[in-house]
Amino acid sequence: MSDTSTAYEPPVVVGVDGSEHSLRALEWALSAAEGLGAPLVVAHVRSDALQLGAARIASLGTVPELPDTVARGVRTVVEERGHRVPVRYDSLDGSVTDALPAAARGARLLVTGSRGHGGFASLLLGSTSRTLAMTAPCPLVVVPHEARAAALTDGAEAGRVLLGLHAEETPDEAVGFAFEAAHHRGVPLEAVTAFRLPTPQGAVLPAPSPALQVPPPLPVADEVAETEELVREVEREQEERLRPFVARWPGVEVVPVVVPGDAAGRLVDGSRDAGLVVVGRHHRHRFGSLLLGSVAHAVLHHAHCPVAVVPPEAAGSGHDSPRRS
């Protein structure tokens, strides 16, 4: 590993704690950094015990020299794999949920594993990754653990990019990020927009008693026509939303998908053979704080490939997507 400064080039930042999950995220982050031509910063937030021990030693007037087993693990992964971009290791103090966002301010990406040390094996997403998904100042990529992960290889063999697109709520930064990711990988971009069908007539009328319950009526011609018109309307909204991005990235093959039903379920199913799922974070709270929508929350918990959660520009670093200088 090198100690090359990243002052003039926004880096990819990956959080590690020595766990297998974080080292898997390190491998993905290194590939992403090489694809972007960006330096990689490997950030390790020391445990509370190490921070306390270092503070006590420092209070005695000596410089603490504590062993860093995480650094050794990182060096092994990086040296065995090799790298074509500068790699810097930073040991940080403070809480993970404060220190990593601070380290990632101005970065192209912040990458973490789905969970680290201290998590229960049955959990798919750790509390740290869940918090970072709501607070990271730049796009956050959560790399799933091996038991439910698709291939982490980059390039066309890694699979398409899936974008969860809501015409009104998905920020432009998330759409741009998805197009740029597909462009760099040379893969198609599948834009998934799901919507709810109107409630059939009669379905909301309760039966007066259990004995009088009857099956819901079959769709009538008017309801079928209404559904078809709704599909066409959503398709028009999706096409209008994607149009400026298609013009900006004409080389990206776009596969528009408009389906009734559950957007999260469609994205999770598609993640089995995808390379990346992209979802957005958006403003909903009256005080302007950023919230993670139900679709993003479900995808983070269940996706089989890495998931990128992209905030609006106002919350981020000014980069709506990873780009070369």
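Everything that follows concerns the structure shown earlier in this document.
Just so it is clear, the structure is predicted and the values come from calculations on it, not from any experiment.

### Let's talk about a negative patch on the surface
- A cluster of acidic side chains, namely E168, E233, E237 and E240, defines a negative patch on the protein surface.
- Mapping E233 onto the fold places it in helix α7 (residues 221–248).
- Among the residues examined, E233 registers a relative accessible area of 35% and is labelled partly exposed.

### Examining the sheet that holds strand β2 (residues 40–45)
- On the basis of which strands lie adjacent, the open sheet formed by ten strands has the order β3-β2-β1-β4-β5-β12-β9-β6-β7-β8 and mixed pairing. Since the sheet does not close on itself, it has two edges, and those belong to β3 (87–92) and β8 (254–260), each with one partner. On average, adjacent strands in this sheet sit at an angle of 20° to one another, irrespective of strand direction.
- When strand β9 (residues 276–280) meets strand β12 (residues 307–310), the two strands line up parallel, connected through four bridges. Counterpart to V279 in the pairing with β12 is V309.
- Along the sheet, helix α3 (residues 69–81) contacts β2 and β3; its crossing angle with β3, the most-contacted strand, is approximately 165°.

### Focus: the pattern of salt bridges
- Across all of its chains, the model carries twelve salt bridges by this definition.
- A salt bridge links E9 to R108, with the nearest nitrogen and oxygen atoms 2.8 Å apart. A residue pair is termed long-range when its members are at least 10 positions apart, and E9 in the segment before β1 (12–15) and R108 in the loop between α4 (96–103) and β4 (109–113) qualify at 99 residues.
- Across the pair E239 and R243 runs a salt bridge whose closest N-O atoms are separated by 2.6 Å. Residue E239 and its partner R243 are located together in helix α7, separated by four residues, close to a single helical turn.
- By relative accessible area, which is 40% here, E239 ends up partly exposed.
- Residue classification places R243 among the partly exposed positions, given a relative accessible area of 45%.

### Some words on the nonpolar core
- Counting 48 residues, the largest nonpolar core has L26, L40, V111 and V278 as the members making the most contacts within it.
- The dominant element in this core, judged by the number of residues it contributes, is helix α1 (residues 20–36), at nine residues.
- When sequence neighbours within four positions are dropped, the list of residues in contact with V278 reads V161, L162, L163, G164, A174, F177, A178, A308 and V310.
- With 32 residues, the next largest nonpolar core counts V13, V142, V192 and V309 among its residues.

### Considerations on the pairing of β9
- Extensive coverage of β9 is indicated by the burial of five of its five residues.
- Neither face of β9 is exposed, since L276, V278 and G280 on one face and V277 and V279 on the opposite face are all buried.
- Sheet analysis places strand β6 (residues 161–164) next to β9, joined by three bridges and oriented parallel. Considered in β9, the bridge of L162 is made with V277.

### Side note on the packing of aromatic side chains
- Following the criterion strictly, the structure yields two aromatic pairs and no others.
- Ring plane angle 25° and centroid distance 5.9 Å describe the contact between F179 and F245, whose orientation is recorded as stacked. With a gap of 66 residues between them, F179 in helix α6 (residues 172–185) and F245 in helix α7 connect regions that are remote in the sequence. One exposure class covers both F179 and F245, and it is buried.
- With 5.7 Å between their ring centres and 25° between their planes, F179 and W249 make a pair best called stacked. Note that F179 is positioned in helix α6 and W249 in the loop between α7 and β8, a separation of 70 residues in sequence.
- We classify F179 as buried; its relative accessible area is 0%.
- The exposure class of W249 is buried, given its relative accessible area of 8%.

Parameters and conventions
- Residues numbered from 1 in each chain as written.
- Predicted model: local features only at pLDDT ≥ 70, side-chain atom pairs only at ≥ 80, totals over all residues.
- Heavy atoms only, no water.
- Patch = residues over 30% accessible without salt bridge, like charges linked within 9 Å, V, L, I, M, F, W, Y side chains within 5 Å.
- Areas by Shrake-Rupley, 256 points an atom, 1.4 Å probe, with all protein chains shown as cover.
- Salt bridge = Lys/Arg side-chain N within 4 Å of Asp/Glu carboxyl O.
- Lys, Arg positive; Asp, Glu negative; His and termini not counted.
- Charge placed at Lys NZ, Arg CZ, Asp CG, Glu CD.
- Helix = DSSP H or I, 4+ residues; strand = E, 2+ residues; numbered from the N terminus.
- Buried < 20%, exposed > 50% of the residue type's maximum accessible area, 1.4 Å probe, protein only.
- Pairing = 2+ DSSP bridges.
- Axes fitted to C-alpha atoms, helices over the stretch in contact; angles between N-to-C directions.
- Contact = heavy atoms within 4.5 Å.
- Core = buried A, V, L, I, M, F, W, Y, C linked by side-chain atoms within 4.5 Å.
- Phe/Tyr/Trp six-rings, centres within 6.5 Å; stacked < 30°, edge-to-face > 60°.

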